[in-house]
Amino acid sequence: MEAYFGNTDIAIIMGGILGVIGIVLVILNMFLTPKTDGQSSFLPSKNNLPKKQFEEWCLIYSVIWISLFGIVIVTQAYEYFNEWDYMSLMVVIVSPFLLQPFLFPVDSEKNINVFDTYAFKANVWIAIFSFIGNYWYTHYFYCVLKAEYLFPAHRLNDVPICLFLATHFYFVTYHTFANLILRKIETTYKSDVYRHIFFWSCIFAFSYFTAFMETLTISSFPYYRFEDRFMAYTLGSAFYGIYFIVSFPAYFQLNEYVGKIVGVQPHTLYQTVMESFGASMIVLCLLDICRLYLNVPLHINGVLY
């Protein structure tokens, strides 16, 4: 662990933060009332096959892309990359997610107009959120955390274009796991004030954990730097976690109650687009409120390309 943190004090503090979060969740769990209908599940029910099969597909492919990405990082193959190599790698990894609805749809969506499929709408939701995250939110990391990308890359608004693609496959995986967690809570415990508290506590906890683990796992990549690594791990994880505090519950709602609640219809593509843009705007406002609180000027000096 010290090889990642580079500082024993940081490891101890982060261990303490995550430990406290875990203890709080365990205590809150004691107040929950289990359901007795036997419907507890991480995945959607068979009444919502499109979402169930897409999440299963995402879990399988996530193992593949994480392994491929891990090989590149562990072998330090990136030391020989130029901007086209970075772009090519990201295109190869993200393509299965983006092309899946068109080229190899899940069984339950093979005879459906691709634009009406859950898989397509899920990709659209994530694509909008990840694009806005890179185009706008990255500049908050530049200004607040003094982050910088040093590897050769084609850039849009001073953000490496290859990262727009990388964020897509990262976020599909993150949000799929968040769906599993939130669904397990909803299907396991009776709906009451304690479950609502636990539900949102898990969102906050998993958001922070996700942000921290991404920061930790890429810490050995030398071309993504922070001015203050301690701040990046601790406050930076909370800052990045703001993305997911909003997006996890919003994305979870996408077609979640189809087949579960009578009368609930699948999201239209228009609803999907609007909800993703809405979540993105909430995150932008929250990030800017944090920036104002910290009294940090926002400078966006990027160019079109």
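Refer to the structure presented above.
Per chain, residues are indexed from 1 in the order of the written sequence. Residues qualify for local features only when their pLDDT is at least 70, as the model is predicted, and side-chain atom pairs are given and counted only at 80 or more; totals for whole chains, interfaces and linings, by contrast, use all residues. Processing note: side-chain calculations cover all non-hydrogen atoms of the structure and skip hydrogens and water entirely.

J.: Let's hear about the overall build of the chain: which residues, and what values?
T.: Helix and strand counts for the chain come out as 10 helices and 4 strands. Start at the N end of the chain and walk to the C end: the helices and strands fall as α-α-α-α-α-β-β-β-α-α-β-α-α-α. We compute the radius of gyration over the C-alpha atoms and compare it with the globule rule, which gives 2.2 Å times the number of residues raised to the power 0.38. Here the C-alpha atoms of the chain give a radius of gyration of 20 Å, agreeing with the 19 Å that 2.2 N^0.38 yields for 305 residues. Overall, the chain is about 50 × 45 × 35 Å in size when its C-alpha atoms are taken along their principal axes. Total accessible area on the chain stands at roughly 15,200 Å², and carbon and sulfur atoms take up 67% of it. Charged residues are defined here as Lys and Arg on the positive side and Asp and Glu on the negative side; His and the ends of the chain fall outside this count. To locate a charge, the coordinates of NZ of Lys, CZ of Arg, CG of Asp or CD of Glu are taken. For the chain, the distance from the average position of its 16 positive side-chain charges to the average position of its 21 negative side-chain charges is 9 Å. Only runs of H or I of at least four residues qualify as helices and only runs of E of at least two qualify as strands under DSSP, and these elements are numbered from the N terminus. Each accessible area is a Shrake-Rupley result for a 1.4 Å probe, and residues are judged covered by the shown protein chains and nothing else.

J.: Give a description of a nonpolar patch on the surface that names residues and reports values.
T.: Each patch is assembled from residues with relative accessible area greater than 30% and no salt bridge, linking like charges that lie within 9 Å and nonpolar side chains (Val, Leu, Ile, Met, Phe, Trp, Tyr) that lie within 5 Å. A pair is scored as a salt bridge if a Lys or Arg side-chain nitrogen falls within 4 Å of a carboxyl oxygen belonging to Asp or Glu. Taken together, the side chains of Ile-23, Ile-27, Met-30, Phe-31, Val-193, Tyr-194 and Ile-197 present a nonpolar region at the surface, about 730 Å² in accessible area. Where the nonpolar patch is concerned, the elements lending two or more residues are α2 (8-29) and α7 (193-217). Looking at which element gives the most residues to the nonpolar patch, the answer is α7, with 3 residues. Structurally, Ile-197 can be placed in helix α7.

J.: Could you give an account of the packing of helix α5 (residues 118-144) against helix α6 (residues 161-188), with specific residues and numbers?
T.: Note on definitions: angles span 0 to 180 degrees between N-to-C directions of axes, and those axes are lines fitted to C-alpha atoms, for helices only across the stretch in contact. With their axes 9 Å apart at the nearest point, α5 and α6 run at an angle of 125° to one another. With respect to each other, α5 and α6 are oriented oblique. Pair α5 / α6 crosses with right-handed handedness. Between α5 and α6, the residues in contact are Tyr-118, Asn-123, Ile-126, Ala-127, Phe-129, Ser-130, Phe-131, Asn-134 and Tyr-135 and Leu-163, Phe-164, Thr-167, His-168, Phe-171, Val-172, His-175 and Asn-179, respectively. Under the grouping applied here, Gly and all other residues not named as nonpolar or charged are polar, the nonpolar ones being Ala, Val, Leu, Ile, Met, Phe, Trp, Tyr, Cys and Pro and the charged ones Asp, Glu, Lys and Arg. Residue composition of the contact of α5 with α6, by class: 10 nonpolar, 7 polar and no charged. Every angle not falling under 35 degrees, over 145, or within 65 to 115 is termed oblique; those three ranges are roughly parallel, roughly antiparallel and roughly perpendicular. Each crossing gets its hand from how the near helix is turned against the far one by less than a right angle, where anticlockwise is left-handed and clockwise is right-handed. Contact criterion: two residues are considered in contact whenever any of their non-hydrogen atoms come within 4.5 Å of each other.

J.: I'd like to hear about the packing of aromatic side chains, residue by residue, with values.
T.: Here a Phe, Tyr or Trp ring, Trp counted by its six-membered ring, pairs with any other such ring whose centre lies within 6.5 Å, and the pair is stacked when the planes are under 30 degrees apart, edge-to-face when over 60, and tilted otherwise. All told, the structure shown has 52 aromatic pairs when counted by the stated rule. Where Phe-31 meets Tyr-194, the ring centres are 5.7 Å apart and the plane angle is 20°; that geometry is what we call stacked. Of the two residues, Phe-31 is situated in the loop between α2 and α3 (49-75) and Tyr-194 in helix α7; the sequence distance between them amounts to 163 residues. Burial here depends on accessible area, computed with a 1.4 Å probe over protein chains only, as a share of the maximum for the residue type. Under 20% is buried, over 50% is exposed, and the range in between is partly exposed. Take Tyr-194: its relative accessible area is 42%, and that puts it in the partly exposed class. Aromatic pair Phe-252 and Tyr-257: ring centres 6.5 Å apart, planes at 85°, arrangement edge-to-face. Taken individually, Phe-252 and Tyr-257 each receive the classification buried, so the pair is uniform in this respect. Against the face of Phe-42 rests Lys-184, its NZ or CZ located 4.8 Å from the ring centre. Two conditions define a charge located above a ring, namely a distance within 6 Å from the ring centre to NZ of Lys or CZ of Arg, and an angle within 35 degrees of the ring normal.

J.: Pulling in residues and values, what's your account of the layout of surface pockets?
T.: With a 1 Å grid laid over protein atoms only, a set of points is called a cavity when a 1.4 Å probe fits there but cannot get out and a pocket when it is open yet has protein on both sides within 12 Å along at least five of seven lines; lining residues have an atom within 4 Å of a point. Grid points are joined across faces, edges and corners, and a volume is the space filled by probe spheres set on the points. In this structure, the largest pocket encloses a volume near 510 Å³. Forming the boundary of the largest pocket are 21 residues, of which Trp-65, Ile-66, Tyr-170, Met-213 and Thr-217 lie nearest the centre. Within the lining of the largest pocket, the residues separate by chemical class into 14 nonpolar, 6 polar and 1 charged. Of the voids in this model, the second largest pocket is the one considered here, and its volume is about 300 Å³.

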